[in-house]
Amino acid sequence: MLADDDVLLREGLAGLLERSGFEVVGQSGDAAELLALVREHRPELAIVDIRMPPSHTTEGIEAAHVIREELPDTAIVVLSAHVQVERAMDLLANGERSGYLLKSRVTDVDEFIETLERIVRGASVDDPVLVQELVAARRVDDPLDVLSPREREVLSLMAEGRSNAGIARQLWITEGTVEKHVHSILNKLRLPATEDDQRRVLAVIAFLDAR
């Protein structure tokens, strides 16, 4: 199944796929038609552009999310001219039968066809540019990056509701050491200077939001 509002690109891609042994069971120029056709034909693979009518923003990837939810056995390839990091992260989270490829970086037809076949068989393939964007976004958006590995362990146990004494027993360290780690965590996360119990709650919320 193909979905792209660029008719020439869509028809060209359909011809390429058919010459390569794929059966194109339907084409659409907007997300609503795509969903209707996918529900009718239940294809093995849906190739979807991100930006389609009416607003040309994220209709395609929103439709891809619906397909993933309703028909998890349908492989999905987002073939786009744009990098949409946040929505791509959600779509690719399960790591199976999904791909995100940038149109401008598809330069080898045989490699492209082989990539589609691998995705249908269960692989997950992401364009290197997207991976770089995801890593950069993770670095920018993860407030826990300021914590050391041990501080992350302590915060994780705090999120489980353990007291300082309980954390000390779990990590085989002294309660005084735990108190130092907790103090460092609260300072590094720049939590407001309120009562310690409330700051612990805020730290746990920050931990859960970053997961």
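The text that follows walks through the structure, step by step, so that each part is easy to find. Everything numeric here is computed off the predicted structure, so don't read it as measured data. (Residues numbered from 1 in each chain as written. Predicted model: local features only at pLDDT ≥ 70, side-chain atom pairs only at ≥ 80, totals over all residues. Heavy atoms only, no water.)

When you go through the protein residue by residue, the secondary structure sums to 10 helices and six strands. Burial status across the protein gives 44% buried among its 211 residues. Sequence separation of 24 or more characterises 60% of the internal contacts of the protein that already satisfy a separation of 6 or more. Element-wise, carbon and sulfur atoms account for 50% of the exposed surface of the protein, whose accessible area totals about 11,700 Å². (Helix = DSSP H or I, 4+ residues; strand = E, 2+ residues; numbered from the N terminus. Buried < 20%, exposed > 50% of the residue type's maximum accessible area, 1.4 Å probe, protein only. Contact = heavy atoms within 4.5 Å. Areas by Shrake-Rupley, 256 points an atom, 1.4 Å probe, with all protein chains shown as cover.)

Ranked by size, the top nonpolar core spans 20 residues in total, and within it Met1, Leu34, Val38, Val48, Ile67 and Tyr100 carry the most contacts. Of all the secondary structure elements, the ones that give two or more residues to this core are helix 2 (31–41), strand 3 (45–48), helix 3 (59–70), strand 4 (75–80) and strand 5 (98–102). When residues of this core are assigned to their parent elements, the largest contribution, five residues, is made by helix 2. Here Val48 is in contact with Ala3, Leu34, Gly60, Val77, Val78 and Leu79, once residues within four sequence places are set aside. (Core = buried A, V, L, I, M, F, W, Y, C linked by side-chain atoms within 4.5 Å.)

What follows covers the sheet that holds strand 1 (residues 2–3). What the six strands build is an open sheet, ordered 2-1-3-4-5-6; its pairing is parallel. Looking at strand neighbours, the two that pair on one side only are strand 2 (27–28) and strand 6 (124–126), the edges of this open sheet. Of the strand pairs in this sheet, strand 4 and strand 5 are connected by five bridges, and their pairing is parallel. Along strand 5, the bridge assignment pairs Leu79 with Leu101. Here helix 3 sits on the sheet in contact with strand 3, strand 4 and strand 5, set at roughly 175° to strand 4. Where helix 5 (residues 109–120) meets the sheet, its contacts fall on strand 3, strand 4, strand 5 and strand 6, and the angle it forms with strand 4 comes to roughly 145°. (Pairing = 2+ DSSP bridges. Axes fitted to C-alpha atoms, helices over the stretch in contact; angles between N-to-C directions.)

For helix 9 (residues 175–188), built from 14 residues, the straight-helix expectation of 20 Å at 1.5 Å per residue is met to within 8% by its first-to-last C-alpha distance of 20 Å. Taken together, the buried positions of helix 9 are Val178, His181, Val182, Ser184, Ile185 and Leu186. Looking one or two residues past helix 9, Arg190 carries a phi angle of roughly 55°, positive in sign. (Expected span 1.5 Å × (residues − 1).)

Attention now moves to the pairing of strand 4. Taken across its six residues, strand 4 has six buried, putting it largely inside the fold. Side chains Ala75, Val77 and Leu79 of strand 4 all project onto a buried face; the interleaved residues Ile76, Val78 and Ser80 project onto the opposite face, where all are buried too. Judged from the four bridges that link them, strand 3 and strand 4 form a sheet pairing that is parallel. Its bridge partner being in strand 4, Val48 is matched across the sheet by Val78. A crossover connection joins strand 3 to the parallel strand 4 through helix 3; in handedness this β-α-β unit is right-handed. (Right-handed = clockwise from strand over helix to strand, strands pointing away.)

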